[in-house]
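# Structure assessment
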Amino acid sequence: MNMTTAQARGAIENILRGEQRLEAAEAFEQKWMELFDKAIGPGGGVVGVSVPPREPIIGKWFRKGDLGFICGPRGLGKTWLGDVDARKCAEGTGLGGLGEWNIHGHRRVLYVDGEMPWDAIRERDAALATCGAPDCFT
């Protein structure tokens, strides 16, 4: 096979670029392995790790960083419960005499609902805003 000088130069440059990519990939892998070595410890090593306690948000059962799901049959009030929790967390007010549902301070809240139309969410929020009294839900 006959190659022109330009074709040969192009082939060599492709090989060099491939080697550079390989070297970069090897350096990347080496860096990740170093990070994994720092993160991995012997069995039982978790006991000695100092982690600050997570802030409570609702009662003792819902803390900062938690992910929760509300599930149940249709019409049970799952969306209302989510609405109430979101509003009360945003207001920083409790849910009456329900100790396990005390709200621990004012929070910024993002409420996402993928099923209800906006006007229905707005109506429910307005209804919850007019309730006002902390014992409204007891």
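See above for the structure.
Report follows, based on the coordinates. A quick note: this is a predicted structure, and the numbers were derived from the prediction, not measured.

### Details of the layout of surface pockets
Quantified by volume, the largest pocket comes out at close to 1000 Å³. Contributing to the lining of the largest pocket are 36 residues, with Gly68, Ile70, Gly82, Asp85 and Tyr111 lying nearest its centre. Secondary structure elements with two or more residues in the lining of the largest pocket: strand S1 (56-58), strand S2 (62-63) and helix H2 (78-91). Ranked by residues supplied to the lining of the largest pocket, first place goes to H2 with eight residues. For the lining of the largest pocket, the residue count by class is 18 nonpolar, seven polar and eleven charged. When its volume is computed, the second largest pocket comes out at roughly 220 Å³. Lining the second largest pocket are Asp83, Ala86, Arg87, Ala90, Val109, Tyr111, Trp118, Ile121, Arg122, Arg124, Asp125 and Leu128. Secondary-structure elements contributing two or more residues to the lining of the second largest pocket are H2 and helix H3 (118-131). With six residues, H3 is the single largest residue contributor to the lining of the second largest pocket. Within the lining of the second largest pocket, the residues separate by chemical class into seven nonpolar, no polar and five charged.

Reading the values: the criteria
Residues numbered from 1 in each chain as written. Predicted model: local features only at pLDDT ≥ 70, side-chain atom pairs only at ≥ 80, totals over all residues. Heavy atoms only, no water. 1 Å grid on protein atoms, 1.4 Å probe; cavity = no way out; pocket = protein on both sides within 12 Å on 5 of 7 lines; lining within 4 Å. Points joined across faces, edges and corners; volume = space filled by probe spheres on them. Helix = DSSP H or I, 4+ residues; strand = E, 2+ residues; numbered from the N terminus. Nonpolar A, V, L, I, M, F, W, Y, C, P; charged D, E, K, R; others polar.

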